[in-house]
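# Structural features, examined
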Amino acid sequence: MVVLMKRPAATGWCLILCGALAGATLPPVPIQDTVDRPEADRVVEIVAERFLFTPSAITIEASTTVELRLTSEDTDHGFRIVGPDGIDVDIDITIPKRNRGAASVFFAPTEPGKYRFECSRICGAGHLYMSGVIRVTAASSAPATEGGSR
Amino acid sequence: MEMHYNRPIGDPFAAPVLDFHRFVLLVSHRFSDRIHFFGELELEHSVVEGLEEKGELELEQAYVDFLVTPELNFRAGMMLAPMGIINERHEPPTFYGVERPFVDTFIIPTTWFDVGAGIHGTIGGKLRYRAYVMAPLDSVEFTGEEGFRGAAQNGSNAQVRQMAVTGRLEYVGFRGLTLGASFWRGDSSVTLIRLETPTAMIVADARYRRGRFEGRAQYAHGFVEGAAELNAAVARLTGVDPNVGSQIRGFYLEGAYSVLPRDAPHELGLFVRYEDFDTQFRMDEGDVTLPGFDRDAWVIGANYWLDPDVVLKVDYSHVRSQSDIIAGPRSLNLGIGWWF
């Protein structure tokens, strides 16, 4: 499930700069409607930038729901989760470019294993370096996150 | 894509230049979850003509990735050498200045690409590495003025009696900070096969962004063993002594500040960069050191992002050299770069 959120436009700056550029660029797109959001057991914020996700290693428990909040520091990126062999994960979304809001993914794995996530939208020369891993454990011990997410 | 306007200052014989510098096409294909292809085709200076010094059409990347685990993956094909900040991260909106840093031109010969194979991966989410074997440089193309620039074989019937080895280690454990270290080593005796020319380069670099501030630093140092013999051999071959240094070295420091609020629809960043680069940092005995190749430069300017993927650039560049005869070039530069 995917939820897109937009920040409110900074109207003043938009008017000044758009005026100076004689309409050379368009103002930010309107706020998009959200869809139903399941209750998440955890929230992990992930920042994408060429050619890195931060954090790029996350550990969660099976049968919990984690909300992955995704923002970009530069261009549009993709976010696809690839499950271990034999497990299909139907998550592949676009992360809006810098200052164009965020995207959220609700991920609720039931099977333990290593789930790779990767950029699925060509973002530059190092596009294929841009990946990370979600380790899903079966243990009931408190989850931990590597790489600095909350 | 990027287009530049370069206006020399103080040189009555140099004309302003308007150049469509780079047109880049990227292509990617996913054969399966574990097998990916990536390609980058670049046209430089807009026109390619036979037998004339015009533009270049370059296949800078064309490789296949075989993904095994996050820690260990395999790659083969035409690849970028993992050297420094710019070579693998050169989209115009990602760096300040109309032109790439001089250190990334005269010391690290960006865009540095060649055929090869290797491994890459991430350890613990904080340490990233790549290690490749690639086609070596051709020492005949080394020069005293431009170091290793133009010496990559670029996968064009590259001679690989001995492969070069290269690698990079990156620490990304703190958000906003990237620390990198790269190396290259290989025998560059490609054309002059009887002359061993072991060549090496090490690079250390850092990028840091916090709030509105962004800073970069990079140090690069190249080594050519047997430079005197190389110079003598090339002089016999071509009639011109290239005066290649036994060591080349450069570094730069760059600071930038974003002056508009973060939620503004556009962004404006001001920057200043100091560079020091010497393509004859050390010379073998008997070779001629030219003070004009010991240079430093100040570059100041601004990037104005109409969109995160579209940037207008302006800067003033002042290169100075140790020469008392030849003044370093000064120029006013304008550019537009975009990416999609």
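Structure shown above.
Here the structure is a predicted model, which is why all the values come from computation and not from measurement.

## Brief notes about the overall build of chain B
Counting its secondary structure elements, chain B contains 2 helices and 16 strands. In terms of overall size, chain B behaves like a compact globule, its C-alpha atoms giving a radius of gyration of 20 Å where 340 residues would be expected to give roughly 20 Å. Overall, chain B is about 60 × 55 × 40 Å in size when its C-alpha atoms are taken along their principal axes. Classification of the 340 residues of chain B by burial places 43% in the buried group. Long-range pairs, those at least 24 residues apart, make up 57% of the contacts in chain B with a sequence separation of at least 6.

## Some details on the overall build of chain A
When helices and strands are counted, chain A shows 1 helix and 10 strands. If you list the helices and strands of chain A from N to C, you get β-α-β-β-β-β-β-β-β-β-β. Among the 150 residues that make up chain A, the fraction classed as buried is 37%. Restricting the contact set of chain A to residue pairs at least 6 apart, pairs at least 24 apart contribute 71%.

## Remarks on the sheet that holds strand 4 (residues 57–61) of chain A
Each strand in a sheet pairs with another by means of backbone hydrogen bonds, the pair being arranged parallel or else antiparallel. Residue and element names in this part refer to chain A. Here 5 strands make up an open sheet; going across it, the order is 4-10-9-6-7 and the pairing mixed. In this open sheet, the two edge strands, each paired with only one partner strand, are strand 4 and strand 7 (92–95). Along the sheet, successive strands turn relative to each other by an average axial angle of 25°, direction set aside. In this sheet, strand 10 (residues 131–137) lies alongside strand 4 in parallel orientation, the contact comprising 5 bridges. Residue pairing across strands places I60 opposite V136, the latter belonging to strand 10.

## Structural notes on the pairing of strand 7 (residues 127–134) of chain B
All names here are of chain B. Side-chain alternation along strand 7 places R128, R130, Y132 and M134 on a buried face and L127, Y129, A131 and V133 on a face that remains uncovered. Of the pairings in the sheet, the one linking strand 6 (residues 113–123) to strand 7 comprises 8 bridges and is antiparallel in character. If you follow H120 over to strand 7, its bridge partner there is R130. Joining the antiparallel neighbours strand 6 and strand 7 is a turn of 3 residues, in which G124 adopts a positive phi near 65°.

The rules behind each value
- Residues numbered from 1 in each chain as written.
- Chains lettered and ligands numbered in written order.
- Predicted model: local features only at pLDDT ≥ 70, side-chain atom pairs only at ≥ 80, totals over all residues.
- Helix = DSSP H or I, 4+ residues; strand = E, 2+ residues; numbered from the N terminus.
- Rg over C-alpha atoms; globule rule 2.2 N^0.38 Å.
- Buried ≥ 20, exposed ≤ 12 C-beta atoms within 10 Å, placed from the backbone.
- Contact = placed C-beta atoms within 7 Å.
- Pairing = 2+ DSSP bridges.
- Axes fitted to C-alpha atoms, helices over the stretch in contact; angles between N-to-C directions.

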